[in-house]
Amino acid sequence: MSELNVEALRGRFPILERTVHGKPLIYLDNTATTQTPSSVVDAVVDMYYKHKANVHRGVHCLSQEATDAVEAARERTRAFVGADSTDEIIFTRGTTEAINLVAASYGQLLNEGDEVILTVMEHHSNIVPWQLLRSRRNIVIKVVPMLPDGSLDMDAYRALFTERTRLVSVCHVSNVLGTVNPIAEMARVAHEHGAVICVDGAQAVAHEHIDVKALGADFYAFSSHKMYGPCGIGVLYGRRDLLEKMPPYQGGGEMILHVSFEHTTWAALPFKFEAGTPDFVDCAAFTKAIDFMDEVGIDRIHAHEQDLLAYATERMMAVPGMKIYGTAPGKSAVISFNLGDAHHYDAGLLLDQLGIAVRTGHHCAQPLMQALGIEGTIRASFAVYNTRAEVDAFIAALTRIADMLL
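So, here's what we can say about the structure.

So, the overall build of the protein
Step number 1: The secondary structure content of the protein amounts to 14 helices and 17 strands.
Step number 2: For the protein, the C-alpha radius of gyration of 22 Å lies close to 22 Å, the compact-globule estimate for 406 residues.
Step number 3: On the principal axes, the C-alpha backbone points of the protein span a range of 70 × 55 × 40 Å.
Step number 4: The 406 residues of the protein split such that 55% are buried.
Step number 5: Accessible area of the protein: about 16,800 Å², with a carbon and sulfur share of 53%.
Step number 6: Where the 34 positive side-chain charges of the protein centre and where its 49 negative ones centre are 2 Å apart.

A word on empty space enclosed by the protein
Step number 1: Applying the stated criterion to the full structure yields one cavity of 30 Å³ or more.
Step number 2: Considering only enclosed or pocket space, the largest cavity measures out at about 40 Å³ in volume.
Step number 3: If you trace the largest cavity, you find it lined by V180, H207, E208, H302, Q306, G330, K331 and S332.
Step number 4: Looking at side-chain class alone, the lining of the largest cavity contains one nonpolar, five polar and two charged residues.

Some thoughts on the pairing of strand β7 (residues 165-171)
Step number 1: With six of seven residues buried, β7 is to be regarded as a mostly interior element.
Step number 2: Two strands pair when backbone bridges link them, and strand β5 (residues 115-119) and β7 are joined in this way by three bridges, in the parallel orientation. Paired with E115 across the two strands is T165, which belongs to β7.
Step number 3: Where β7 and strand β8 (residues 196-200) come together, five bridges link them in parallel fashion. From the neighbouring strand, C171 faces β8, where its bridge partner is D200.
Step number 4: Remark: the β7/helix α7 (residues 183-192)/β8 crossover connection has right-handed handedness.

A few points about the side chain of E254
Step number 1: By the secondary structure assignment, E254 is in the loop between α9 (240-245) and β11 (256-259).
Step number 2: A polar contact of 2.8 Å, which involves the side chain of E254, links it to the side chain of H56.
Step number 3: For E254, the contacting residues outside a window of four places in its chain are V55, H56, R57, A267, F271, E274, G276 and P278.

Quick notes on the pattern of salt bridges
Step number 1: Per the stated rule, a full pass over the model turns up 25 salt bridges.
Step number 2: Among the salt bridges present, the one from R76 reaches D294, with a minimum N-O distance of 2.6 Å. Here the residue R76 occupies a position in helix α3 (residues 61-81), and D294 occupies one in helix α10 (residues 280-296), the gap between them amounting to 218 residues.
Step number 3: The class of D294 is partly exposed, set by a relative accessible area of 42%.
Step number 4: Here D241 makes a salt bridge to R239, at a shortest N to O gap of 2.5 Å.
Step number 5: For D241, a relative accessible area of 41% corresponds to the partly exposed category.
Step number 6: Bridged by salt links that share partners, the residues D155, R158, E185, R188 and E192 form one connected network.

Considerations on the environment of G107
Step number 1: By secondary structure assignment, the location of G107 is in the loop between α4 (95-105) and β5.
Step number 2: Note on G107: relative accessible area 0%, which makes it buried.
Step number 3: Sequence-wise, G107 and W130 are 23 residues apart; in three dimensions their C-alpha atoms are separated by 8.5 Å.

Here's the deal with the side chain of H172
Step number 1: The residue H172 is located in the loop between β7 and α7 in this model.
Step number 2: We classify H172 as buried; its relative accessible area is 3%.
Step number 3: A polar contact of 2.8 Å, which involves the side chain of H172, links it to the side chain of Y220.
Step number 4: Setting aside its immediate chain neighbours within four residues, H172 contacts T179, V180, N181, I183, V199, D200, G201, A204, E208, I210, L215 and Y220.

Overview of the layout of surface pockets
In this approach the atoms are scanned with a rolling probe the size of a water molecule, which exposes any empty space left behind.
Step number 1: In this structure, the largest pocket occupies an estimated 400 Å³ of space.
Step number 2: Surrounding the largest pocket, 28 residues form its lining, A32, H123, Q203, K226 and C364 being those nearest its centre.
Step number 3: Broken down by secondary-structure element, the contributors of at least two residues to the lining of the largest pocket are α4 and β16 (359-361).
Step number 4: The dominant element in the lining of the largest pocket, judged by the number of residues it contributes, is α4, at three residues.
Step number 5: Of the residues assigned to the lining of the largest pocket, the class counts are seven nonpolar, 15 polar and six charged.
Step number 6: Taken as a whole, the second largest pocket spans an internal volume of roughly 240 Å³.
Step number 7: Lining the second largest pocket are 17 residues; nearest its centre among them are F91, T92, E97, A275 and P278.

Focus: the nonpolar core
Nonpolar side chains in soluble globular proteins generally cluster together in the buried interior.
Step number 1: Ranked by size, the top nonpolar core spans 81 residues in total, and within it Y157, Y220, M227, Y228 and V384 carry the most contacts.
Step number 2: Looking at this core, the element that brings in the most residues is α10, giving 11 residues.
Step number 3: When neighbours within four sequence positions are excluded, Y157 is seen to be in contact with I117, V144, V168, M186, V189 and A190.
Step number 4: Counting residues in hydrophobic clusters, the runner-up holds 28 residues, among them L309, Y311, M316 and L351.

The rules behind the values
- Residues numbered from 1 in each chain as written.
- Predicted model: local features only at pLDDT ≥ 70, side-chain atom pairs only at ≥ 80, totals over all residues.
- Heavy atoms only, no water.
- Helix = DSSP H or I, 4+ residues; strand = E, 2+ residues; numbered from the N terminus.
- Rg over C-alpha atoms; globule rule 2.2 N^0.38 Å.
- Buried < 20%, exposed > 50% of the residue type's maximum accessible area, 1.4 Å probe, protein only.
- Areas by Shrake-Rupley, 256 points an atom, 1.4 Å probe, with all protein chains shown as cover.
- Lys, Arg positive; Asp, Glu negative; His and termini not counted.
- Charge placed at Lys NZ, Arg CZ, Asp CG, Glu CD.
- 1 Å grid on protein atoms, 1.4 Å probe; cavity = no way out; pocket = protein on both sides within 12 Å on 5 of 7 lines; lining within 4 Å.
- Points joined across faces, edges and corners; volume = space filled by probe spheres on them.
- Nonpolar A, V, L, I, M, F, W, Y, C, P; charged D, E, K, R; others polar.
- Pairing = 2+ DSSP bridges.
- Right-handed = clockwise from strand over helix to strand, strands pointing away.
- Polar contact = N/O pair within 3.5 Å; in protein donor to acceptor, adjacent residues only side chain to side chain.
- Contact = heavy atoms within 4.5 Å.
- Salt bridge = Lys/Arg side-chain N within 4 Å of Asp/Glu carboxyl O.
- Core = buried A, V, L, I, M, F, W, Y, C linked by side-chain atoms within 4.5 Å.

Right under this line is the structure:
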């Protein structure tokens, strides 16, 4: 496996050439949103300038071209995650909508007293939809705790199952701790108990190879904007037999076969779950994001990020007052930390003044923060275009800020 030419790759991301507060931009907020290569932006412009028309129902050339772009993106996505059929690939606005779709639709198949297992490290988008379902169906939510290093307590996970357990919903990778959860093992346990598993893959798809069948995922949700693609589009993979049983999530155009005031029938998969005009522009751009990742190579992306993670972690431990949260083996390239008693927001503002973009706060994971006994953290996260030189500048900035705040 050849090494990355990171400088050449950086040239494909124009935003990395800008300055912030007079300093060169160092973008370390990739867990929230990755930056976008020129090829993706060019695809957006091309669709708007040359191919903009509504899809699936038009007989004219532009409509057919837009339709072809959407369905090509669906096939590209199917291959990317190893699904059996494009019928199992549903386009959504992002991971959040994809999980809401599962909770709202598959949730209608659950009964009072049925159990859903979550984990303490879930993003709010994988907590609140299940709470909304609980208010409607009176289900029971159970929560898997974690060990001191930030890994899941798998013994506790196994002990939570009963004859009423129907579904497990878990993040593949924690957006705070970087913990990579053992999805294949969790899926095996769930299936042994007759339950299905829904995986929030938002923090995994840009960093490791995804094969939904090898993982045993019944549902797998992710977002384009966390994998070098455009904002506003995401994916739900769902096993075809499960999707066939599920009622529609929303109603309107596209998702119908026949409508009368007396009765309506649904379109075939995947269109049953895609009400309204699809985002055909960003579908085309999303294809280019997958192309970019495949061109670079997911294994090379992963190796580069792991090198930055190890290098940054070692250097950060020399910064006064440093406390890192999440040290599970094999973690993803995310570092959440605090500097002594300094407020994370203050440190984040000072980093911004030095041109360094990080995320501060609870990272939409308030139950996890409560478990850690803190209000929030500073979070740095790496992508393919980050460099060791940027890590060095980050460490110098942290050292300077620690001297100011501690």
